Amino acid sequence: MASKIAQFPFVRELEGFEFDAQPSLDPGQIRELATCRWIAHGDTTLFLGPPGTGKTHLAVALGREAIRQNYSVQFVTAATLVALLAKAHMDGNLDKQLTLLSRPKLLIIDELGYLPFEADAAHLFFQLVSRRYEKGSILITSNRSVGEWGSVFGDPVVATAILDRLLHHSTVITIRGDSYRLREKRRSGLLQKAGSALDNTATAPQ
Ligand code: ADP
Ligand code: MG
């Protein structure tokens, strides 16, 4: 398995995902994605939603499942990907880099939209999406709705062309709700309070 793992930021599995904490998600839809049929078909998956709602967790878990099913997977953040493409472009190696990035059967692009793209980046990204189109799957996580991608890419025309290809055979999962990280913080705050209250009343009759 190790040789096929591609730089996941952390280890997460679907078993560790609390669906109760994220009612906007349909567990059946995630289980369907975990079959990896969409990867066999070269389809796209988008996870959209605010920070802390489990997008990267699900992306990593699905990526690990794909590896278990013998697919090659590469994980990269959008910022790193764009930097790679821009450097290759500058060095005259763009074609080689696009070929490299087209090799894995699943390319996971995390955190699209946290940073707006530089002028050339949207075109480079478009070339990557075109190169992989209907050959290899792409999974993208983003804190922006697709309606906002025009401003993320800084070019509505290129954004439309990118979305046209990405959405053609795709599953778009929009997660709503609160950050799991903050929820955990709030919960631990509550638990501390409950704990100290219990301590104070430990000897009091119920
Ligand atoms: P996002 O990518 O949407 O910003 P993450 O996937 O990084 O959020 O989630 C933040 C943290 O909270 C991670 O450690 C993740 O494993 C955890 N987490 C988020 N949602 C859930 C959930 N529903 N069940 C279990 N852990 C979760
Ligand atoms: Mg994330």
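Residue indices begin from 1 for each chain and proceed along its sequence in written order. By the order in which they are written, chains take letters starting at A while ligands take numbers starting at 1. Given that this is a predicted model, residues contribute local features only at a pLDDT of at least 70 and side-chain atom pairs are listed and counted only at 80 or more, while totals for whole chains, interfaces and linings are drawn from all residues. In computing side-chain properties, one takes all heavy atoms of the structure into account and sets aside hydrogens as well as water.

> Go over the pairing of strand 1 (residues 44-48), please, and point to the residues and values.
Per-residue accessibility, obtained with a 1.4 Å probe over protein chains only, is compared with the maximum for each type, and a residue is labelled buried under 20%, exposed over 50%, and partly exposed between these values. Secondary structure follows DSSP: runs of H or I at least 4 residues long count as helices, runs of E at least 2 residues long count as strands, and numbering of each begins at the N terminus. Within strand 1, five of the five residues are buried, which leaves the element mostly enclosed by the surrounding structure. Burial along strand 1 is two-sided: Thr44, Leu46 and Leu48 and Thr45 and Phe47, pointing in opposite directions, are all buried. Taken together, the five bridges between strand 1 and strand 4 (residues 137-142) define a ladder with parallel strand orientation. Residue pairing across strands places Leu46 opposite Ile140, the latter belonging to strand 4. As paired elements, strand 1 and strand 5 (residues 170-174) share five bridges and run parallel to each other. Paired with Thr44 across the bridge in strand 5 is Ser170. Pairing between strands requires that DSSP locate at least two bridges from one strand to the other.

> Can you explain the pattern of salt bridges? Please cite residues and give values.
A pairing counts as a salt bridge when a side-chain nitrogen of Lys or Arg comes within 4 Å of a carboxyl oxygen of Asp or Glu. By the definition in use, this model includes six salt bridges. The residue Arg64 makes a salt bridge to Glu13 at a minimum N-O spacing of 2.7 Å. Here Arg64 is found in helix 3 (residues 55-68), whereas its partner Glu13 is found in the segment before helix 1 (27-34), with 51 residues between them in sequence. With a shortest N-O distance of 2.6 Å, Asp91 and Lys87 are connected by a salt bridge. The class of Asp91 is partly exposed, set by a relative accessible area of 40%. When salt bridges that share partners are traced, they join Glu13, Arg64, Glu65 and Arg68 into one network.

> So what about the packing of aromatic side chains? Which residues, and what values?
Ring geometry is summarised as follows: Phe, Tyr and Trp rings, the Trp one being its six-membered ring, pair when their centres sit within 6.5 Å, and such pairs are stacked at plane angles under 30 degrees, edge-to-face over 60 and tilted between the two. Throughout the structure, instances matching the rule amount to six aromatic pairs. Centroid distance Phe125 to Phe153: 5.3 Å. Interplanar angle 45 degrees. Geometry classified as tilted. Highlighted residues: Phe125 in helix 6 (residues 121-132) and Phe153 in helix 7 (residues 149-153), separated in sequence by 28 residues. Accessibility assignment for this pair places Phe125 and Phe153 in one class, buried. Between Trp149 and Phe153 the ring centres are 5.9 Å apart and the planes differ by 65 degrees, which places this aromatic pair in the edge-to-face class. One end of the pair is Trp149 and the other is Phe153, both in helix 7 and four residues apart, which spans about a single turn. Judged by its relative accessible area of 0%, Trp149 is buried. The rule for a charge over a ring is simple: NZ of Lys or CZ of Arg within 6 Å of the ring centre, and within 35 degrees of the ring normal. In this structure, Arg12 is placed above the aromatic ring of Phe10, and the distance from its NZ or CZ to the ring centre is 3.9 Å.

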